[in-house]
Amino acid sequence: MCIRDRTSVAIVANDTAVRAQSSTSSVSCTPTSTLYLGIVRLATLPSLNMLSPVNAYPIIAEMYLRFTYSNYPPSPLIEPQLGQSWSSNSNYTVWILTLKPNLKWDNGEPLNATDLWYSLYLYTQVDHGYIPFMYIKNVTILNSTSVKVILNQPDPNFILQLTASSANFVILPYQVYSKIPISQVAAYKNFENIVADGPFVIYNYTPGENPIIFTANPYFYRGKPHMKKLVLYLFSSQEAYMSALEAGKLDALWASGGYSVVAPLAKLPGYKIYRITP
């Protein structure tokens, strides 16, 4: 995102991206050192653990990356993220998943097949009730980047279902989760000594902390982000963060799945809405 001043803002929703920009200002692509972002969330995040039944999704989904992610036409429906390739046998009961080489967590430790293997194992052990995990019979490590997944029945859509947002499958750090008894994983908060792989990361979270200050991940798989910090303010209502935007306290609104934010934004003086087709 390129931001010159506080009169320009981008809103990203689940199904569309909408940019609102002041008609009296220009936008340059010179990276800023800090992005001030607002989102409507509870004042205290319940958990930063994707396997918790109550968690701070979609914030966690930005802290932990996926093997693959969904895209929109004309791009392929499934795109690799941390994954490099996948293949199956003729009857779709055995799948080989391969990660990109030389991946790292934000603490510099390798992110490899051990993390992918253990993440798949954890998802089969924690009651999700989703098809891709119900079908997994066994997962084994083949080498430093690849695992073999054996299913208990044919599933030609295994990767598609693993990619689906309903599965919430992200790769979790073995160095953290292997130390937690399986029976306690769902209750784990993940508030201290956080290890992640997203573009912006935090190392500790104190309940009630607001704003939450994220720093650029130097080991992000696509290269270190241009911005040094992301300052995330939590607001109790849409009206509150719209007011903060209008007052110039925010650069952007995080409106996950929020088409409802478009109409009030269009009413702000000097702003115009642009709908961006995928």
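Residues numbered from 1 in each chain as written. Predicted model: local features only at pLDDT ≥ 70, side-chain atom pairs only at ≥ 80, totals over all residues. Heavy atoms only, no water.

Helices and strands together make up the secondary structure of the protein chain, namely seven helices and 14 strands. In the protein chain, which comprises 278 residues, the proportion classed as buried is 44%. By element, 53% of the accessible surface of the protein chain is carried by carbon and sulfur atoms, the whole surface being about 13,600 Å². (Helix = DSSP H or I, 4+ residues; strand = E, 2+ residues; numbered from the N terminus. Buried < 20%, exposed > 50% of the residue type's maximum accessible area, 1.4 Å probe, protein only. Areas by Shrake-Rupley, 256 points an atom, 1.4 Å probe, with all protein chains shown as cover.)

Moving on: the sheet that holds strand 9 (residues 146–151). Through backbone hydrogen bonds, the strands of a sheet pair up, either in parallel or in antiparallel fashion. If you walk across this open sheet you meet the four strands as 6-7-9-8, and the pairing is antiparallel. Looking at which strands have only one partner, the edges of the open sheet turn out to be strand 6 (83–88) and strand 8 (136–141). Put simply, the sheet's adjacent strands are angled 20° from each other on average, direction ignored. In this structure, strand 6 lies alongside strand 7 (residues 94–99), joined through five bridges in antiparallel fashion. Paired with Gly-83 across the bridge in strand 7 is Leu-99. Of the strands in this sheet, strand 7, strand 8 and strand 9 are in contact with helix 2 (residues 113–125), which crosses strand 8 at around 160°. (Pairing = 2+ DSSP bridges. Axes fitted to C-alpha atoms, helices over the stretch in contact; angles between N-to-C directions. Contact = heavy atoms within 4.5 Å.)

Take unusual backbone geometry next. Peptide bonds are mostly trans, and most non-glycine residues show a negative phi. Along the chain, Pro-73 connects to Pro-74 via a cis peptide bond; the corresponding omega equals 10°. Here the bond from Asn-210 into Pro-211 is cis, since omega is 10°, no more than 30 degrees from zero. Tracing the chain through its elements places Pro-211 in the loop between strand 10 (200–201) and strand 11 (212–216). Phi at Asn-102 is positive, roughly 65°, even though this residue is not glycine. Looking at the element boundaries, Asn-102 is found in the loop between strand 7 and helix 2. A residue is classified by how much of its surface remains accessible, and Asn-102, at 74% relative accessible area, is exposed.

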